[in-house]
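Each chain is listed here by its residues.
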Amino acid sequence: MSIASAPPAAGSARDLTRRFLKDPGAVIALLVFAAFGVAGFGAPLIAPQNPYDLAQVDILDSLLEPGSESFTGMTYWLGTDGQGRDMLSAILYGIRISLVVGLASGLLALAFGTVVGLIAAYRRGWVDTLLMRIVDLQLSFPTILVALILLVILGRGVDKIIFALVVVQWAYFARTVRGVALVEGARDYVEAARGLRLGGFRILMGHILPNCLPTMLVVATMQMAMAISLEATLSFLGLGLPPTRPSLGLLIANGFDYLQSGRYWISVLPGLVLLAIIISVNVLGDRLRDVLNPRL
Amino acid sequence: MTEYIIRRVLQALLVLIVMTMLVFFGVNVIGNPVYIFASSECDQACLDAIITDLGLDQPIWRQYLTFVGNLVQGDMGRSFTHGVPALHLIFERLPATLELAFSALVLALAFGLPMGIYAGLRPYGWGAKLIMSFSMIAFSLPVFWIGIIMILTFSVQLGWMPSVGRGDTVDLGFVEVSFLTLDGLHHLAMPAFTLSLIMMAMVIRLARAGMREVMFTDYIKFARASGVPERRVLGAHALKNILIPIVTVLGMEFGGVIAFAVVVESIFSWPGVGKMLIDAIAVLDRPLIVAYLICVVFMFVTLNLLVDVLYSLLDPRIRLGGGKA
């Protein structure tokens with residue numbers, strides 16, 4: 001690692017925030033992502049109907065084009081799907097499930113990977129070798145293949161897809177954290193802490209870990225985009241979430257059956273939302289990397 | 001040298017054994033396949049007969065041993081739904097998947113290399129920015145979404161492209177291929193392009209990074225100074241050197257492409273192994289699911305092993321352990 005000797009990113013949190021906010025791309029991405037977050041988590045409050053409450057859904061309203069009116073006078077701004085559900089509401093609820101799966105799997109993988117990476121960097125020796133062998137092995141398999149195998153075995157479910165996504169992501173975090181922790185561990189401030197006879201655990205958690213955080217933040221953002229995309233793919237194949245918890249991927253899959261008959265909105269609209277989320281998270285991660293300058 | 005290869009082969013075998021266990025035990029605890037066979041008037045005796053017939057009355061470890069024993073002899077059991085050996089089904093469907101994957105590989109190189117080289121030569125022009133944005137989009141967008149948009153645009157709206165199946169095939173004696181007929185090519189274009197996007201994005205990035213590094217080396221300067229025409233400097237000297245990492249990465253990614261073919265085959269109803277897997281999962285055809293997963297894992301482990309061994313033959317630092325620790 002030749003770049004590893006570069007000085008750490010300088011600047012206080014306020015300085016970094018200012019640099020981040022100066023970048024129009026970063027601000028737009030943040031706003032878009034925040035808007036989807038609010039829309040998704042506020043879905044029960046702002047959605048015109050609860051698309052999974054059968055009393056509110058009328059099968060006679062099925063397959064209406066965007067902007068049509070229902071018998072009761074409600075306007076379906078984004079049309080309805082094959083069961084007469086309002087697409088706008090279905091998308092809002094779908095955003096929530098996609099975000100929950102992405103966030104939960106990302107955070108769990110981050111936590112697990114960080115622990116493994118710190119242990120490897122701290123213990124060195126055979127523990128390090130063994131853990132990194134496992135990481136190498138895990139990373140040598142394509143993510144989609146591992147996720148596919150796990151979901152075939154486990155079946156559908158929110159908890160199951162989160163588990164599968166954690167399994168395919170943790171190794172990334174473990175490798176990154178180990179790398180950064182090894183570099184940080186060789187710095188003077190750690191030496192100084194050792195000179196003060198601080199305990200190993202305290203040095204690890206209080207001194208090394210905080211300095212790994214910028215890198216972890218960037219990797220976590222990028223991985224979240226990947227997790228959302230992978231969840232959508234698996235749900236599209238009918239392997240991820242159960243039909244009772246339709247994420248954006250499942251909505252797209254439902255609409256796929258109607259695509260050939262020209263009813264594009266059932267599939268395309270949730271897809272556009274998915275696209276916007278993935279791109280905004282990716283841009284966000286990209287800008288964060290520029291600002292925080294971690295050695296990736 | 002020999003020691004390194006032996007160690008690497010043993011490691012690959014260990015991975016294979018662990019994966020067969022994971023897949024076999026995992027798949028065999030889900031659902032109850034007996035009901036696929038049982039008709040509605042099937043009584044207990046008839047159910048028991050089916051269970052014995054499928055070998056499901058044995059303890060699971062004995063089922064596993066039987067499975068491994070048969071596996072070594074190339075027998076992966078019979079598909080529950082098709083009633084023919086699972087391996088036979090896979091070999092029947094595999095050519096379609098391989099054709100799709102290789103077409104994607106060719107497309108990725110044919111489009112990705114020129115784009116990456118261009119972006120590497122003029123890294124600050126608007127052309128390079130456009131190419132790099134394309135690469136980022138191709139890399140981060142879900143493949144299935146791109147496939148859907150292509151079907152919507154070219155099949156539904158414009159009506160130019162067929163969205164289902166393989167089209168006319170030509171029998172080459174041992175294998176049937178689509179790419180030799182006009183109709184087959186017509187059917188192949190969209191799925192192959194969709195599948196190639198991730199690889200294409202990777203080729204663009206690697207070629208660009210390679211070009212930017214290579215163009216500042218002494219041998220390029222020397223070639224230019226000695227009056228070698230620019231075409232030859234790029235085509236012969238630079239290209240050769242950027243190809244090494246690209247070939248390595250593509251070799252290791254090929255297993256991933258086969259796995260991703262599941263998605264593309266489902267969207268375009270391409271009759272390959274991936275589509276078969278999704279159908280098998282829907283009806284809980286355990287032997288077929290297990291056979292598919294094991295074949296893909298086997299293919300993947302073998303590819304990785306080959307890349308590693310080839311690399312160690314080319315680069316002594318790796319086999320002597322002097323590379324990354």
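Residues numbered from 1 in each chain as written. Chains lettered and ligands numbered in written order. Predicted model: local features only at pLDDT ≥ 70, side-chain atom pairs only at ≥ 80, totals over all residues. Heavy atoms only, no water.

Caption draft 1: Examining the interface of chain A and chain B more closely. Facing the 33 residues of chain A at the interface are 38 residues of chain B. Both sides together, the interface formed by chain A and chain B hides about 3,200 Å², and carbon and sulfur atoms give 84% of it. Joining chain A to chain B, the criterion identifies zero salt bridges. Counting the contacts that link chain A with chain B gives one residue pair in polar contact (both at pLDDT 80 or more). Only α5 (125-140), α6 (143-154), α9 (200-236), α10 (248-259) and α11 (265-292) of chain A provide two or more residues apiece to the side of chain A that touches chain B. For the side of chain A that touches chain B, the residue count by class is 24 nonpolar, eight polar and one charged. (Contact = heavy atoms within 4.5 Å. Buried area = accessible area lost by both parts, 1.4 Å probe. Salt bridge = Lys/Arg side-chain N within 4 Å of Asp/Glu carboxyl O. Polar contact = N/O pair within 3.5 Å; in protein donor to acceptor, adjacent residues only side chain to side chain. Helix = DSSP H or I, 4+ residues; strand = E, 2+ residues; numbered from the N terminus. Nonpolar A, V, L, I, M, F, W, Y, C, P; charged D, E, K, R; others polar.)

Caption draft 2: Geometry of the pattern of salt bridges. All chains considered together, the criterion is met by eight salt bridges over all chains. In this structure, the salt-bridge partner of Arg187 of chain A is Glu184 of chain A, at a minimum N-O distance of 3.4 Å. Judged by its relative accessible area of 2%, Glu184 of chain A is buried. Among the ionic pairs, Lys275 of chain B bridges to Asp279 of chain B, the shortest N-O distance being 3.4 Å. Of this pair, Lys275 of chain B and Asp279 of chain B both sit in helix α11 (residues 273-282), four residues apart, which is roughly one turn of that helix. By relative accessible area, which is 22% here, Lys275 of chain B ends up partly exposed. (Buried < 20%, exposed > 50% of the residue type's maximum accessible area, 1.4 Å probe, protein only.)

Caption draft 3: Molecular detail of the nonpolar core. Among the nonpolar cores identified, the biggest contains 173 residues, and Ile95, Phe141 and Ile277 of chain A together with Phe144 of chain B are the most heavily contacted of them. Element by element, the count of residues in this core is highest for α9 of chain A, at 17 residues. Residues from two domains meet in this core; each of domain 1 (2-72) and domain 2 (87-319) of chain B gives at least three. Core analysis: the next-biggest nonpolar cluster, separate from the first, contains nine residues, Ala120, Val127, Leu131 and Ala174 of chain A among them. (Core = buried A, V, L, I, M, F, W, Y, C linked by side-chain atoms within 4.5 Å. Domains from an automatic or database assignment.)

Caption draft 4: Looking closely at unusual backbone geometry. Residues and elements named next belong to chain A. Not every positive phi belongs to a glycine, and Arg124 is a case in point at roughly 55°. Secondary-structure assignment places Arg124 in the loop between α4 (87-123) and α5. Taking the relative accessible area as the measure of exposure, Arg124 reaches 45% and is therefore partly exposed.

Caption draft 5: View of the UniProt feature "transmembrane region" (unreviewed entry) in chain A. Residue and element names in this part refer to chain A. The positions UniProt marks with the feature "transmembrane region" (unreviewed entry) are residues 26-47, 97-122, 134-155, 161-183, 204-228 and 264-285. Secondary structure across residues 97-122 comprises 100% helix and 0% strand; the distance between its end C-alpha atoms is 37 Å. Segment residues 161-183 splits into 100% helix and 0% strand. End C-alpha atoms: 34 Å apart. (UniProt positions renumbered as here; feature names shortened; annotations may be inferred.)

Caption draft 6: Here's a closer look at α11 of chain B. With seven of its ten residues buried, α11 of chain B lies for the most part within the structure. Listing the buried residues of α11 of chain B in full gives Val273, Gly274, Met276, Leu277, Ile278, Ala280 and Ile281 of chain B. Elements that come into contact with the buried residues of α11 of chain B comprise α6 of chain A together with α5 (86-121), α10 (230-268) and α12 (286-314) of chain B.

Caption draft 7: Looking closely at the packing of aromatic side chains. Under the defined criterion, the tally for this structure stands at five aromatic pairs over all chains. When the ring of Phe112 of chain A is compared with that of Trp170 of chain A, the centres are 5.4 Å apart and the planes differ by 65°; the resulting orientation is edge-to-face. Of the two residues, Phe112 of chain A is situated in helix α4 and Trp170 of chain A in helix α7 (residues 158-185); the sequence distance between them amounts to 58 residues. A ring pair is formed by Phe236 of chain A and Phe144 of chain B, whose centres lie 4.6 Å apart and whose planes are at 25°; its orientation type is stacked. Here the residue Phe236 of chain A occupies a position in helix α9, and Phe144 of chain B occupies one in helix α7 (residues 143-157), the pair thus bridging two chains. Each member of the pair, Phe236 of chain A as well as Phe144 of chain B, carries the same accessibility label: buried. Within the aromatic cluster, the residues linked to one another by ring pairs are Phe236 and Phe256 of chain A together with Phe144 of chain B. (Phe/Tyr/Trp six-rings, centres within 6.5 Å; stacked < 30°, edge-to-face > 60°.)

Caption draft 8: Region of the structure containing the confidence of the model for chain A. The predicted model of chain A averages 81 in pLDDT, with 84% of residues at 70 or higher. Confidence over residues 1-10 of chain A falls short of pLDDT 50; this stretch has 13 contacts with residues more than four positions distant or in other chains. (pLDDT = per-residue confidence, 0-100.)

Caption draft 9: Seen up close, the UniProt feature "transmembrane region" (unreviewed entry) in chain B. If you check UniProt for "transmembrane region" (unreviewed entry), the listed places come out as residues 12-31, 100-121, 133-156, 188-207, 242-268 and 288-314 of chain B in our numbering. The annotated region residues 100-121 of chain B carries 100% helix and 0% strand content, and the separation between its end C-alpha atoms amounts to 31 Å.

Caption draft 10: Quick peek at helix α2 (residues 24-41) of chain A. All names here are of chain A. The end-to-end C-alpha distance of α2 is 26 Å, a good match for the 26 Å that 18 residues give at a rise of 1.5 Å each. All buried positions along α2 are accounted for by Ala26, Ala29, Phe33, Phe36, Gly37, Ala39 and Gly40. The inward-facing, buried residues of α2 abut α1 (13-22), α3 (43-46), α4, α9 and α11. (Expected span 1.5 Å × (residues − 1).)

Caption draft 11: Summary view of the environment of Ser235 of chain A. Residues and elements named next belong to chain A. Relative to the helices and strands, Ser235 is located in helix α9. Under the relative-accessibility criterion, Ser235 is labelled buried at 1%. Beyond its immediate chain neighbours, meaning those up to four positions away, Ser235 contacts Gly240, Leu241, Ser247, Gly249, Leu250 and Ala253.

Caption draft 12: Molecular detail of a nonpolar patch on the surface. All names here are of chain B. A surface patch of nonpolar side chains, about 350 Å² in accessible area, is lined by Ile6, Val9, Leu10 and Leu13. With respect to the helices and strands, the residue Leu10 is situated in helix α1 (residues 2-28). Using a relative accessible area of 53% as the deciding quantity, one classes Leu10 as exposed. (Patch = residues over 30% accessible without salt bridge, like charges linked within 9 Å, V, L, I, M, F, W, Y side chains within 5 Å. Areas by Shrake-Rupley, 256 points an atom, 1.4 Å probe, with all protein chains shown as cover.)

Caption draft 13: Region of the structure containing the packing of α10 of chain A against α11 of chain A. Residues and elements named next belong to chain A. At a minimum axis separation of 7 Å, α10 and α11 run at an interaxial angle of 150°. Both α10 and α11 take part in a crossing whose hand is left-handed. Contact with α10, carried on its side by Leu248, Leu251, Ile252, Gly255, Phe256, Tyr258 and Leu259, involves Ile266, Ser267, Pro270, Gly271, Val273, Leu274 and Ile277 of α11 and no other residues of that element. (Axes fitted to C-alpha atoms, helices over the stretch in contact; angles between N-to-C directions. Left-handed = near helix turned anticlockwise from the far one by under 90°.)

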